[in-house]
Amino acid sequence: MSPSAPRSSASRPPVLLTGFDPFNGASVNPSWQAVRALHGEELVGHAVVAAELPTVFGESLHVLRALLHAHRPALVVCVGQAGGRAAISLERVAINLDDAPIPDNAGACPVDTPVCANAPAAYFTGLPIKAMRAALQQAGVPVDVSQTAGTFVCNHVFYGLMHALATEPALRGARGGFVHVPWLPEQGSPGMPLDLIVRGLRLALVQALSVRHDDRAAAGATH
């Protein structure tokens, strides 16, 4: 589901920003709440189009592909919820693996299956995640670079997005990646207020639209 396309003076291709519907018995998903708040904004001359993806293996990618071909965006950022994380997480690597720890919203629970058959084992993000991290840090927004998007529907969408951008001629030139956001405070701890999540995503999008060559700065992990 997505709001109606925003009217904008921007002549450039839009930014496609997606979030997920609630899952695992929750009544809210902060990824969609934050993405929806940015719908219709204009950033660096690009209109933001927000859309909600189902937390369902397979169907989420069908919806995403339809959105990609309908909007032909310059930039695609898919956003998901990562309960237990205290910061906005800029994901570095999508892996070609579905291994669900819980059922999706359709009851599916795939184990050790590829997202896309006969495709690469992994893709790196197309986003300037080091520059994005620096901008959020400077603004006082908790942020980190994450080395894994898990093996649930978030990674499924991240991998499917990067594979589509890499292999479909109609999408050539578009850049994309994935961002995880924490719970809202009412969902549990650690949590992050919605307005801070929205602010962080806005700053991240501006950097993604403005920076072509990422910063060279350490953001690795020891485990």
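Structure: above.
The paragraphs below set out a description of the structure included in this document. (Residues numbered from 1 in each chain as written. Predicted model: local features only at pLDDT ≥ 70, side-chain atom pairs only at ≥ 80, totals over all residues. Heavy atoms only, no water.)

**Notes on the overall build of the chain**
Per the secondary structure count, the chain includes 5 helices and 9 strands. Mapped in sequence order, the helices and strands of the chain form the string β-α-β-β-α-β-β-β-β-α-β-α-β-α. Taking 223 residues into account, the globule formula puts the C-alpha radius of gyration at 17 Å, and the chain, at 16 Å, falls close to it. Taking the principal axes of the C-alpha coordinates as reference, the chain spans close to 45 × 40 × 35 Å. Among the 223 residues that make up the chain, the fraction classed as buried is 51%. Long-range contacts, defined here as pairs at least 24 residues apart, represent 80% of the contacts in the chain between residues at least 6 apart. Approximately 9800 Å² of the chain is accessible, and the part contributed by carbon and sulfur atoms is 53%. Charge-centre separation for the chain: the mean point of 15 positive side chains lies 11 Å from the mean point of 16 negative side chains. (Helix = DSSP H or I, 4+ residues; strand = E, 2+ residues; numbered from the N terminus. Rg over C-alpha atoms; globule rule 2.2 N^0.38 Å. Buried < 20%, exposed > 50% of the residue type's maximum accessible area, 1.4 Å probe, protein only. Contact = heavy atoms within 4.5 Å. Areas by Shrake-Rupley, 256 points an atom, 1.4 Å probe, with all protein chains shown as cover. Lys, Arg positive; Asp, Glu negative; His and termini not counted. Charge placed at Lys NZ, Arg CZ, Asp CG, Glu CD.)

**Describing the pairing of strand S9 (residues 175-181)**
Most of S9 is tucked away: 7 of the 7 residues are buried. The two faces of S9 match: Arg175, Gly177, Val179 and Val181 on one face and Gly176, Phe178 and His180 on the other face are all buried. Sheet analysis places strand S4 (residues 75-81) next to S9, joined by 7 bridges and oriented parallel. Of the residues in S9, the one forming a bridge with glycine 80 is histidine 180. By the bridge criterion, 2 bridges tie strand S5 (residues 88-91) to S9 in an arrangement that is antiparallel. Bridging from a neighbouring strand, leucine 90 pairs with valine 179 of S9. (Pairing = 2+ DSSP bridges.)

**Thoughts on the environment of alanine 108**
Structurally, alanine 108 is set in the loop between strand S6 (93-95) and strand S7 (122-124). The sequence separation of alanine 108 and glycine 58 amounts to 50 residues, and the corresponding C-alpha distance is 9.9 Å. Ignoring anything within four residues of it in the chain, the contact list for alanine 108 reads Phe57, Ile102 and Pro103.

**Re the packing of aromatic side chains**
Across all of its chains, the model carries 4 aromatic pairs by this definition. Relative to phenylalanine 152, the ring of phenylalanine 57 lies with its centre 5.6 Å away and its plane at 85°, an arrangement referred to as edge-to-face. You can see phenylalanine 57 sitting in the loop between strand S3 (46-53) and helix H2 (59-71) and its partner phenylalanine 152 sitting in the loop between strand S8 (143-146) and helix H4 (153-167), a full 95 residues away along the chain. When sorted by exposure, phenylalanine 57 lands in the same class as phenylalanine 152, which is buried. Ring centres of tyrosine 123 and tyrosine 159 lie 5.1 Å apart, and the angle between their planes is 50°; this geometry places the pair in the tilted category. With tyrosine 123 in strand S7 and tyrosine 159 in helix H4, the pair connects residues that are 36 residues apart, well separated along the chain. In this structure, tyrosine 123 and tyrosine 159 share a single accessibility class: buried. In textbook terms, an aromatic cluster arises when at least three aromatic residues are bridged by ring pairs, as seen for Phe23, Phe57 and Phe152. (Phe/Tyr/Trp six-rings, centres within 6.5 Å; stacked < 30°, edge-to-face > 60°.)

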